[in-house]
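Now for the letters of each chain:
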Amino acid sequence: MADLTIMGAGIFGLALAYSCAQRGARVRVIEKRAPGAGSSGGLVGALAPHVPENWNTKKAFQFEALRMAGGFWAEVAAVSGRDPGYARLGRVQPLASDKLDLAHSRAAQARDLWQGFAEWRVLPVTEAPGLPLDAPSGWVVHDTLSARLQPRKAGAALVGALQHLGASVETGDTAPDGVVVWATGYEGLQDLSRDLGADLGAGVKGQSVALALSCPDAPQIFADGLHIVPHTDGTVAIGSTSERAFDDPSGTDAACDALVAQARRICPALCDASEVSRWAGVRPRAKSRAPLMGAWPGRAGHFVFNGGFKIGFAMAPALAAIMADLVLDGRDAIPEGFRLTTP
Ligand SMILES: Cc1cc2nc3c(=O)[nH]c(=O)nc-3n(C[C@H](O)[C@H](O)[C@H](O)COP(=O)(O)OP(=O)(O)OC[C@H]3O[C@@H](n4cnc5c(N)ncnc54)[C@H](O)[C@@H]3O)c2cc1C
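Since we're looking at a predicted model, the values are computed, not measured. (Residues numbered from 1 in each chain as written. Predicted model: local features only at pLDDT ≥ 70, side-chain atom pairs only at ≥ 80, totals over all residues. Heavy atoms only, no water.)

Novice: Looking at this structure, how should I read the nonpolar core?
Specialist: Within soluble globular proteins, side chains that are nonpolar tend to cluster in buried spots. Counting residues in each nonpolar core, the largest one holds 65 residues, and the members touching the most others are I6, L16, V27, W73, V181, F305 and M323. Examining the composition of this core, we find that 12 residues originate from one element, helix α7 (residues 312–329), more than from any other. With sequence-adjacent residues up to four places away left out, V181 is seen in contact with L4, T5, I6, M7, L16, F303, F305, M323 and V327. Formed by 25 residues, the second largest nonpolar core is a distinct cluster that contains A135, V140, C215 and L270. (Core = buried A, V, L, I, M, F, W, Y, C linked by side-chain atoms within 4.5 Å. Buried < 20%, exposed > 50% of the residue type's maximum accessible area, 1.4 Å probe, protein only. Helix = DSSP H or I, 4+ residues; strand = E, 2+ residues; numbered from the N terminus. Contact = heavy atoms within 4.5 Å.)

If you want it as structure tokens, here you go:
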């Protein structure tokens, strides 16, 4: 008999299961396809901060989430014996000429807001670490807060850690009983919207590509809305598209060619890198664009843990700790703007 059943084995469901199992709860995860079959089974894995300005609850929470991520993934690696591909190697962003003053002002704000944990530095492009880049202004921002992990490896490490802790991860259409947390991604947002008769969110499809280039210690790059993320396995991930209308949730198309062409313009070292794989998934985007968590209105004993949208990997471990407080101890510490309420 489990204390808690978690529906969905994406990063949200698995991180919550891990938090609860670490606290001694008997946890059962039920996944209708396979662990990582949803948007958590992708290629990119950038854990990148919001800009250090106009601080609010969401940005402050994300900062704390990034700060605790290193410890979380080191522990998961130790418990499971599997490498999640996590490293805090920073991020380089080429600057347009009209963005230089803004970048310096953000550097000053980061000194205060990031509390000495990490820096937002403005550097000449010739001094930028990692892969050579073109920067229109001759300058880049290098932040030391950004990290990356490899989504599939991170999911496998969490499953391994859960098995080690005695939690069960099952696949199939089994109906849950007892206390239930629905961490079922964009389909869960659709179910919730249907049940409550209101639009609480939907899916936003994303496509991405992995290229073969071994530079595992290079910082990630963010330029013109594109993430270029080197991983430990000799690949560099490129992402992503953002598509609200789609017929095929997992299909890839010419949009991937455009991603690769754009990445090669930004980073010429990728011109000779061959394509390894393409992948598409559907992000769970709550109407608020923020995480969505709390009791399922009108369903006693049922909870919702959703809304990771574009930064689910960055947020999941910190959110999971708060969700575990709620579900196991009845302690509601949900950050402002993240709570599911009756529409
Ligand atoms: C192209 C792309 C790139 C991205 N890049 C990044 C990035 O760089 N950094 C970052 O932080 N985030 C990124 N994201 C977002 C991130 O992937 C998501 O925020 C995160 O995966 C959401 O996790 P989840 O567990 O809520 O959902 P999912 O991973 O979708 O998991 C939900 C699971 O529930 C299962 N399920 C559904 N219905 C049921 C049911 N009734 N019963 C049982 N199981 C069910 C599904 O099969 C699925 O496995 C990206 C997303 C995409 C698509």
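That was the structure; now back to the text.
Novice: Before we go on, may I ask you to explain the pattern of salt bridges in this structure?
Specialist: A side chain of one charge can pair with a side chain of the opposite charge if their charged atoms are brought near each other. Taken as a whole, this structure holds 16 salt bridges when the rule is applied. A salt bridge links E170 to R28, with the nearest nitrogen and oxygen atoms 2.8 Å apart. Of the two residues, E170 sits in strand β8 (residues 168–171) while R28 sits in strand β2 (residues 27–31), which places them 142 residues apart along the sequence. Salt-bridge contacts for R339 lead to D332; the nearest nitrogen and oxygen are separated by 2.9 Å. Residue D332 is classed as partly exposed on the basis of its relative accessible area of 42%. Among the charged side chains, a network of salt bridges with common partners joins R23, D325, D329 and R331. (Salt bridge = Lys/Arg side-chain N within 4 Å of Asp/Glu carboxyl O.)

Novice: Got a minute to help me understand the sheet that holds strand β16 (residues 302–306) in this structure?
Specialist: Strands pair in a sheet through their backbones, by hydrogen bonds, and they do so in one of two ways: parallel or antiparallel. Within the open sheet, the 6 strands sit side by side as β8-β2-β1-β9-β16-β15. Their pairing is mixed. In this open sheet, the two edge strands, each paired with only one partner strand, are β8 and β15 (292–295). On average, each strand axis in the sheet is inclined to that of its neighbour by 20°, with strand direction left out of account. In this structure, β2 lies alongside β8, joined through 4 bridges in parallel fashion. (Pairing = 2+ DSSP bridges. Axes fitted to C-alpha atoms, helices over the stretch in contact; angles between N-to-C directions.)

Novice: Help me understand the packing of aromatic side chains, please; the structure alone is not making it clear to me.
Specialist: Aromatic rings considered in pairs are described by the distance between their centres and by the relative angle of their planes. Evaluated as defined, the whole model comprises 8 aromatic pairs. Where F12 meets F305, the ring centres are 4.5 Å apart and the plane angle is 35°; that geometry is what we call tilted. With a gap of 293 residues between them, F12 in helix α1 (residues 11–22) and F305 in strand β16 connect regions that are remote in the sequence. You can call F12 buried: its relative accessible area is 8%. Between W182 and W296, the ring centres sit 6.2 Å apart and the planes meet at 70°, which makes this aromatic pair edge-to-face. (Phe/Tyr/Trp six-rings, centres within 6.5 Å; stacked < 30°, edge-to-face > 60°.)

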